[in-house]
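Letter by letter, the chains look like this.
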Amino acid sequence: MSCRGWSSDAYWAARVCRELERRGHAVTLACRRGTDAPVISRVRDEGVTRIETFALASGVHPASDGGDVRRLARAFREVDVVHVHRGKEHWLAAAAARLAGARRPPIVRTRHIAQAVRPNAGNRWLYRRATALVVTVTDAIRRQYLAAGLLAPERVVALPGGADVETYRPRPSDPAVRRRLGGETEALVGLVSGLRVMKGHQTVVDAVARLAHRGVAPRVVFVGRGGHEAAVLTAIRRAELERRVTVAGFAADLPEVMAALDVGLYVPLESDGMSRVLFEYLAAGRPLIAARTGVVPEILDDGVHALLVPAGDAGALADALARLLADATLRARLGAAGRALVLERYSGARLAESLEAHYARLVA
């Protein structure tokens, strides 16, 4: 895993390692050298016990890449399956597997992002000849592979989810956390997300402005940070919603933050790849409003697990918020159904169980 910072794919890899360890397997997570603070410490916090570091340098670096390939080739003689997450380690693993000779473990690749893979000559070799299985985090990404003709359908599987259902579970709201987020007495709506254009913050501001004109605007908190923060703050000021919408910044206590929310929002303008926070909302039992994009329409039924709205539609979001905030019974029902869905299909344990079955088939 060549991630330089903590990202959804880093989280996914760490969760899978931890869950497979719980199932009795010996799992080593290879991380990029020099990422102790942003990545490796977080990996340890997730419970991963066996960690090794490699250069995993960006771009092409013959000396360090060659060293990584030789080390990997030696390690491959002792392992049953190799699982990679980004292009860098995918190519290094493919080269190492060739060098390892007859004792060549199958290579599994997870694709975390909704960006089509180009069917050029290099990728045709990488996927058809050097990759045993591709795991995608949404069915839409799986369909991209099939459309590109890089793999046979039986060699691409969609496995969404992976939520930590122990850390993210229904729990009483902490009054101190609610006060910090600005929701002492009023209903509190939260969007937990990096502050980026595609995450839908502007849509939320527009929806709250519509509700304010109806006299029913809730308290809203944006939890996260990112390069779009100045634009978000400007949008809030222009809508004169400074007393309604708060930008709370980074929160290290996300399970407690989610427990403090009366309604969770997941409203990206386009596919968000793994959609980690979506599954955490559900695991935490939060009543949810979600945009119909990415994995959402694949796994959630409108009015059963969440209220679904078109991506970028502020009017529909305002109507859904008004409906949900006015109906405590509906909020309780959606929260319970979302939690049950994750436990049944999309927990980290379920993800590891599915991966284990695929690994066993490849090894056999």
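Residues numbered from 1 in each chain as written. Predicted model: local features only at pLDDT ≥ 70, side-chain atom pairs only at ≥ 80, totals over all residues. Heavy atoms only, no water.

Draft legend 1. Layout of the pattern of salt bridges. Tallying each qualifying case throughout the model produces 19 salt bridges. The closest approach of N and O atoms between Arg86 and Asp9, which form a salt bridge, is 2.7 Å. Placement of the pair is Arg86 in the loop between β3 (82-84) and α4 (87-100) and Asp9 in helix α1 (residues 8-22), with a sequence separation of 77 residues. The class for Arg86 is partly exposed, based on a relative accessible area of 30%. (Salt bridge = Lys/Arg side-chain N within 4 Å of Asp/Glu carboxyl O. Helix = DSSP H or I, 4+ residues; strand = E, 2+ residues; numbered from the N terminus. Buried < 20%, exposed > 50% of the residue type's maximum accessible area, 1.4 Å probe, protein only.)

Draft legend 2. View of the sheet that holds strand β4 (residues 107-111). Strand order across the open sheet formed by four strands is β3-β4-β5-β6, with parallel pairing between neighbours. Here the strands that pair on one side only, and so sit at the sheet edges, are β3 and β6 (156-158). Strand after strand, the sheet turns through a mean of 25° between neighbouring axes, direction not considered. Across four bridges, the pairing between β4 and strand β5 (residues 133-136) is parallel. Paired with Thr110 across the strands is Val135, a residue of β5. Against the sheet, α4 touches β3 and β4, its axis set at about 170° to β4. Where helix α15 (residues 348-363) meets the sheet, its contacts fall on β3, β4, β5 and β6, and the angle it forms with β5 comes to roughly 170°. (Pairing = 2+ DSSP bridges. Axes fitted to C-alpha atoms, helices over the stretch in contact; angles between N-to-C directions. Contact = heavy atoms within 4.5 Å.)

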